[in-house]
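Here is how the chains run, residue by residue.
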Protein chains: 2
Amino acid sequence: MASGGYRFSVWAPRAQSIQLRILGPSDSRIPLSPSGNGYFEAVVETAAPGMRYFYQMEDRDFPDPASRFQPESVHGPSELVESGFAWQDEAWLGLPLEQFVLYELHVGAFAYEGTFDAVIPHLKGLRDLGITAIELMPIAQFPGDRNWGYDGVSLFAAHSAYGGPEGLKRLVNACHQHGLAVVLDVVYNHLGPEGNYLSAFGPYFTAQYQTPWGSAVNFDGPDSDEVRRYFTENALYWICDCHVDALRLDAVHAIHDESAVPFLEELGEAVHTAAAERMRKAYVIAESDLNDSRIVRSRELGGMELDAQWNDDFHHALVSLLTGERSGYYMDFGDLHSLAEAYREGYVYSGQHSAYRRRRHGNSSASLAAKQFVVFSQNHDQVGNRMLGERLSALVSHEQLKLAAGAVLLSPFIPLLFMGEEYGETAPFLYFVSHSDPGLIQAVREGRQREFEAFAWQGRPPDPQDEATFVQSKLNHEFKRKPAHEVLFQFYRELLRLRASHPALAHLSKQHMEVTVYAREQVLSLRRWHSDKEVLVLLCFSPSAVHVQPGIADGRWKRLLNSSDPQWLGPGGGVAEWLPHQDKALQLQPNSVLLLEREADEQRA
Amino acid sequence: MASGGYRFSVWAPRAQSIQLRILGPSDSRIPLSPSGNGYFEAVVETAAPGMRYFYQMEDRDFPDPASRFQPESVHGPSELVESGFAWQDEAWLGLPLEQFVLYELHVGAFAYEGTFDAVIPHLKGLRDLGITAIELMPIAQFPGDRNWGYDGVSLFAAHSAYGGPEGLKRLVNACHQHGLAVVLDVVYNHLGPEGNYLSAFGPYFTAQYQTPWGSAVNFDGPDSDEVRRYFTENALYWICDCHVDALRLDAVHAIHDESAVPFLEELGEAVHTAAAERMRKAYVIAESDLNDSRIVRSRELGGMELDAQWNDDFHHALVSLLTGERSGYYMDFGDLHSLAEAYREGYVYSGQHSAYRRRRHGNSSASLAAKQFVVFSQNHDQVGNRMLGERLSALVSHEQLKLAAGAVLLSPFIPLLFMGEEYGETAPFLYFVSHSDPGLIQAVREGRQREFEAFAWQGRPPDPQDEATFVQSKLNHEFKRKPAHEVLFQFYRELLRLRASHPALAHLSKQHMEVTVYAREQVLSLRRWHSDKEVLVLLCFSPSAVHVQPGIADGRWKRLLNSSDPQWLGPGGGVAEWLPHQDKALQLQPNSVLLLEREADEQRA
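It should be emphasised that the depicted structure is a prediction, and the values quoted were computed from it without experimental measurement.

> So what exactly am I meant to see when it comes to the packing of helix 11 (residues 398–409) of chain A against helix 14 (residues 483–501) of chain A here?
The axes of two packed helices give the description: the angle between them and the distance between them. Residue and element names in this part refer to chain A. Closest axis-to-axis distance for the helix 11/helix 14 pair is 10 Å, and the angle between their directions is 20 degrees. Between helix 11 and helix 14, the angle is such that the two are roughly parallel. Handedness of the helix 11/helix 14 crossing: right-handed. On helix 14, the residues that touch His398, Leu401, Lys402, Ala405, Gly406, Val408 and Leu409 of helix 11 are Ala484, Val487, Leu488, Phe491, Tyr492, Leu495, Leu496 and Arg499. For the contact of helix 11 with helix 14, the per-class residue count stands at 11 nonpolar, two polar and two charged.

Structure (structure tokens):
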């Protein structure tokens, strides 16, 4: 914003000329002037917040590619917004990465009202639960009011149905006041199929590569410097203007880029630099299917130096043990040793042959820090990409839900919960859209049906365009107070309390951990320590009670948590509160998690 | 080869069944048995060298993808060859990388006969000139008898017109006996357009990426492990069975591979391991347009650890100064500072914006060793991709040819000469093919004409399919004895003698070098030293005589070489044999190279 007005600036190397069309009682047009390098600019003294406008090229109206607000959605005019905001988060400096406990939520489906503001009343509860960061599924303006968010096209515009940029800022402000960080999921690998006008402005896309969802973004071809700048500035907008603490980059394996300085490396550096200048912390976390440590390795060691990455291998290893599923990518998992490898290394596949991929997959993640991996037993994809959107609570027993929670939350990695999992939400999380193009709607419907042809015996997938599909996916927060759900919720809370307060759990390290597999018994043990504190986590995947000798005869151990306790609606029995020099086998209940602590005044051998 | 016969093995995951069809008086068919992982095998006791065969799938005959010999070219049967050879190179252990002086030659055009054997009589002369390694343009069987080689399709078969595998081995054997290494140009980024039957066998190619020359090779998709194995075994065949010392990988920027362990990294490791097991040295040198140090950086630092790469930036910086050309990629060069940067760093573009590429280009090569760069003033592409295939000798003066030679050979990089440049060959090196498919022939003709539409004022490009185009491109070795040519030849010889014998020149280091630009005078100086030896190279690109003060007042300097001497048909004048404490300016003749040596008993300050 120039003093006394707005500076409009747009990169449009494909345009001969551009006019700013200001809507209102006196529809007016102001020509933009070329300012070099494909940019066009104008300073408009009379412009003020609330003004709606288009960029006009060859008599066609286009929303601003960098629009901050699209009050009439993706095809409508852009609206100028106040750039100031009454921030009250001066005291907030961000969170160390190792303290992140992520809670992934969809703004539309989390609270019934489906807005940023409607999330705010829940923040205290999340904080009490032990969450330290909410992670918003993508919020950039997408067509219609209902969408997972991966069809966003106006990348700088917080969605109007969610409350626009002001709503977002109110939510972030409230999070920080509650001591919660905010992570935002951003999609830089493609744009949605409806309302994507970027190609009218410049070569944002390339035919050199394909993505499963549409044209690949031009990150390494001619004119890619300015394309990169568009996405980098987008990241900085969320971090600097909206005070977001971290970005989750959707599917970086679909960002094709063979340049000598990859876009992701530049993006990470820009975010880190901007945060440092503001004396805050900010992180970039990648969703990556590549099992390539290069993504998060330091630049000194030839990496791109992003801060962390999602570890799907951990999910697949864990869930295949719980559900017994072996189709699709689960065919590569199902063995306790896979889960052990995920705890020890990070990637399960670090160069081995993958039957699912029909090739060797991955490189070693041994040198990566534990805090560089985000792990989960559920997330929007793992739930929502099932035909019926079943959460784990619909697939496994109450005992297994607690076991899954223990496996994730007692790990040395950054845990992520998917909204509602903490109380065993029963609503599905279905795939939903609200496109306006009838051809596209039909194509999405048919695509969804084709995708699940093999599951036809379960019925047909719900119609993604039907509003009911969306409404069905909303959380039922009142379940938190229903008997079994409340117990699960308290169990999560207790796990998170222990994780945060016990030094051997709070200290995230793969090196200060010993992983043991009891294959016959289907038990995995994690021995974790920090200075003179030590814990033993026993994860029992056996469907019947088993005995294991976990090698704790050398000290006095105390039971901190036993998921099979009646307190957690478990079958009870088995483990005493104190285990002094226990040299006999411990009995573990089916699908249970047991947490022991070595008595404090003892030194670890 | 199994004892008493041959083991036939072919990877053909797309085949239901395969028969070995043995040609001969009694045409016979032997079914191959599946041996797992998509392979089919048979041991044939009666098979012997000279036997011709096809693999038959669904009643169609295909040559063996790993055929060692295609006597009737790409569509014909494969022939079994003797795997033994009477090698006489036991004493040959290979060459340290820093001693390579490369001589790129096309087997068909180098000697009139166009065979491997016809190269042998020239080896002594090349060795006397100072060459230490010949680099063969690709020799894998391509359609017809005339081709640059980049249309090869039978990748294990040394071309029948060149003399087949036996001929190749005789040449390599002779090279080693002459103390010459052999580098082979191999094309792993695509296969030629005629006779490429690989897709009938398996998923060798992918639609995921494109190359300018045809389908991209499947290095990272499903089943890519076996595709990689095919290419890695190809490399090992040349290195282990044919005793080749190094591979030059054609255009690695067209090898698209997003896997966590790139093919190139695996390939380099396989070659290095195989060589080490044989107590020999072997190298992998990449042609790369990426300016990405990752290609040659150590694996410890996240690189692929190939040994060296071609540095086109050096060529463009040098040639644009000599010829004044500014079109195409030359638009990014033309400034003395570019050449200085190439000497100092390696890449000229290490992140700067390139007008030609319309984006930033490259990363830093400062940490790479001088011996990791191959430099040249001419090569097959730079000459042959001109419409009329003009060598530098047709474009610049005799003085400039000597200057170009000095710039390359007195650099601390691995120099490469293109056959004939050492005596100013006047034959062009034109683009030639000898396809048999009429449609393809026409397409190549038209493509060539389209490519040079902008040069229509120079006439039309010669017909690539016309045999005369090929014959015109053959060397005229007798020119070596013609007056000006002989002088140029002796000048190259003297440069190579000095390079090999003077410690300050033989020691390849960017660190032991100081590069100074005299911009007004158009002079570049390279001060190079090793222990107590020191030289000063002055490269004068000025079209008129200039004076520079090269800062040599601190010692007694001796003239080692002056290209403007009458001895080299230069205009003479200017520089005395001894320059004691020279504090006045030196006069440099137009387009000259001057080499000075600090007197030996002085220490460098």
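Right, picking up where we left off after that structure.
> How should I be thinking about the relation of the copies chain B and chain A in this particular structure?
Taken together, a rotation about one axis and a shift along it account for how the two chain copies relate. Superposition record for chain B on chain A: RMSD 0.0 Å, screw rotation 180 degrees, translation along axis 0.0 Å. Given the turn and translation reported, the copies of this chain are related as if by a two-fold rotation axis. When the interface residues of chain B are mapped onto chain A, 100% of them again fall at the interface, so both copies present the same face.

> I tried to follow the confidence of the model for chain A on my own but got confused; where do I start?
Do not read the fine detail of predicted coordinates wherever pLDDT is low. In this model, chain A carries a mean pLDDT of 95, and residues with pLDDT of at least 70 account for 98%. Here the predicted complex carries an ipTM of 0.93, next to a pTM of 0.95.

> How should I be thinking about the sheet that holds strand 13 (residues 181–186) of chain B in this particular structure?
Two pairing modes exist for strands in a sheet, parallel and antiparallel, and in both the strands are linked by backbone hydrogen bonds. Residue and element names in this part refer to chain B. The strand order around the closed barrel formed by eight strands is 9-10-13-16-17-18-21-22, and the pairing between neighbours is parallel. Strand-to-strand, the axes of this sheet are offset by a mean angle of 30 degrees, without reference to chain direction. In the sheet, strand 17 (residues 283–286) pairs with strand 18 (residues 308–310) via two bridges, with the strands oriented parallel. By the bridge assignment, Ala286 is partnered in strand 18 with Gln309. Along the sheet, helix 6 (residues 224–241) contacts strand 13 and strand 16 (246–249); its crossing angle with strand 16, the most-contacted strand, is approximately 140 degrees.

> Just to check I follow, could you spell out the domain arrangement of chain A for this structure?
As a measure of interface size, the accessible area lost when the parts come together is often cited. In terms of domains, chain A is made up of domain 1 (6–62), domain 2 (100–283) and domain 3 (513–602). Centre-to-centre separation of domain 2 of chain A and domain 3 of chain A, based on C-alpha positions: 41 Å.

> So what exactly am I meant to see when it comes to a nonpolar patch on the surface here?
A surface patch of nonpolar side chains, amounting to about 280 Å² of accessible area, comprises Tyr329, Met331 and Tyr356 of chain A. As for its placement among the helices and strands, Met331 of chain A is situated in the loop between helix 8 (312–323) and helix 9 (336–344).

> Can you walk me through the interface of chain B and chain A in this structure?
At the junction of the two partners, chain B supplies 34 residues and chain A supplies 34 residues. In this assembly, chain B packs against chain A so that about 2600 Å² is buried in total across both faces, 35% of it on carbon and sulfur atoms. Across the chain B-chain A interface, the total number found is six salt bridges. If you look at where chain B meets chain A, you find 12 residue pairs in polar contact (both at pLDDT 80 or more).

> I keep staring at the packing of aromatic side chains and nothing clicks. Help me out?
The description of two aromatic rings rests on the distance between their centres and on the angle between their planes. Counted according to the given criterion, the structure contains 76 aromatic pairs over all chains. Between Tyr237 of chain A and Trp238 of chain A, the aromatic rings sit 5.0 Å apart at their centres with planes inclined by 55 degrees, giving tilted as the arrangement. The pair formed by Tyr237 of chain A and Trp238 of chain A is uniform in burial state, with each residue classed as buried. Over the ring of Phe479 of chain A we find Lys482 of chain A; its NZ or CZ atom is 4.1 Å from the centre of that ring. Of note, Arg556 of chain B hangs over the ring of Trp578 of chain B, and the distance from its end group to the ring centre comes to 4.2 Å.

> What's the story with the sheet that holds strand 23 (residues 513–518) of chain A in this structure? I'm lost.
Residues and elements named next belong to chain A. What the six strands build is an open sheet, ordered 23-24-25-30-27-28; its pairing is antiparallel. The open sheet has two edge strands, strand 23 and strand 28 (578–582), and neither has a second partner. Taken over all neighbouring pairs, the strand axes of this sheet differ in orientation by 25 degrees on average, direction set aside. Looking at chain direction, strand 24 (residues 523–530) and strand 25 (residues 533–540) are connected through eight bridges and run antiparallel. Across the sheet, Trp529 pairs through a bridge with Glu534, a residue of strand 25.

> Help me out: how do you make sense of the packing of helix 8 of chain A against helix 11 of chain A in this one?
All names here are of chain A. Contact geometry for helix 8 and helix 11: axes closest at 11 Å, N-to-C directions at 155 degrees. For the element pair helix 8 / helix 11, the angle class is roughly antiparallel. Every pair of crossing elements has a handedness; the one defined by helix 8 and helix 11 is right-handed. Here Phe314, Leu318 and Leu322 of helix 8 lie close against helix 11, whose contacting residues are Gln400, Leu403, Ala404, Ala407 and Val408.

> Sorry, what's going on with helix 9 of chain A here?
Quick reminder: α-helices carry 3.6 residues per turn. Residues three or four places apart thus point the same way. Residue and element names in this part refer to chain A. Looking only at helix 9, the buried set comprises Leu336, Ser338, Leu339, Ala340, Ala342 and Tyr343. As for helix 9, its buried residues are in contact with helix 8, helix 11, strand 23, strand 24 and strand 25. Where helix 9 starts, the residue carrying a side-chain oxygen 2.6 Å from the main-chain nitrogen of His337 turns out to be Asp335. Gly346 sits one or two residues past helix 9 and shows a positive phi near 120 degrees.

Conventions used here
Residues numbered from 1 in each chain as written. Chains lettered and ligands numbered in written order. Predicted model: local features only at pLDDT ≥ 70, side-chain atom pairs only at ≥ 80, totals over all residues. Heavy atoms only, no water. Axes fitted to C-alpha atoms, helices over the stretch in contact; angles between N-to-C directions. Helix = DSSP H or I, 4+ residues; strand = E, 2+ residues; numbered from the N terminus. Parallel < 35°, antiparallel > 145°, perpendicular 65-115°, else oblique. Left-handed = near helix turned anticlockwise from the far one by under 90°. Contact = heavy atoms within 4.5 Å. Nonpolar A, V, L, I, M, F, W, Y, C, P; charged D, E, K, R; others polar. Least-squares fit on C-alpha atoms with pLDDT ≥ 70 in both. pLDDT = per-residue confidence, 0-100. Pairing = 2+ DSSP bridges. Domains from an automatic or database assignment. Patch = residues over 30% accessible without salt bridge, like charges linked within 9 Å, V, L, I, M, F, W, Y side chains within 5 Å. Areas by Shrake-Rupley, 256 points an atom, 1.4 Å probe, with all protein chains shown as cover. Salt bridge = Lys/Arg side-chain N within 4 Å of Asp/Glu carboxyl O. Buried area = accessible area lost by both parts, 1.4 Å probe. Polar contact = N/O pair within 3.5 Å; in protein donor to acceptor, adjacent residues only side chain to side chain. Phe/Tyr/Trp six-rings, centres within 6.5 Å; stacked < 30°, edge-to-face > 60°. Buried < 20%, exposed > 50% of the residue type's maximum accessible area, 1.4 Å probe, protein only. Lys NZ or Arg CZ within 6 Å of the ring centre and 35° of its normal.

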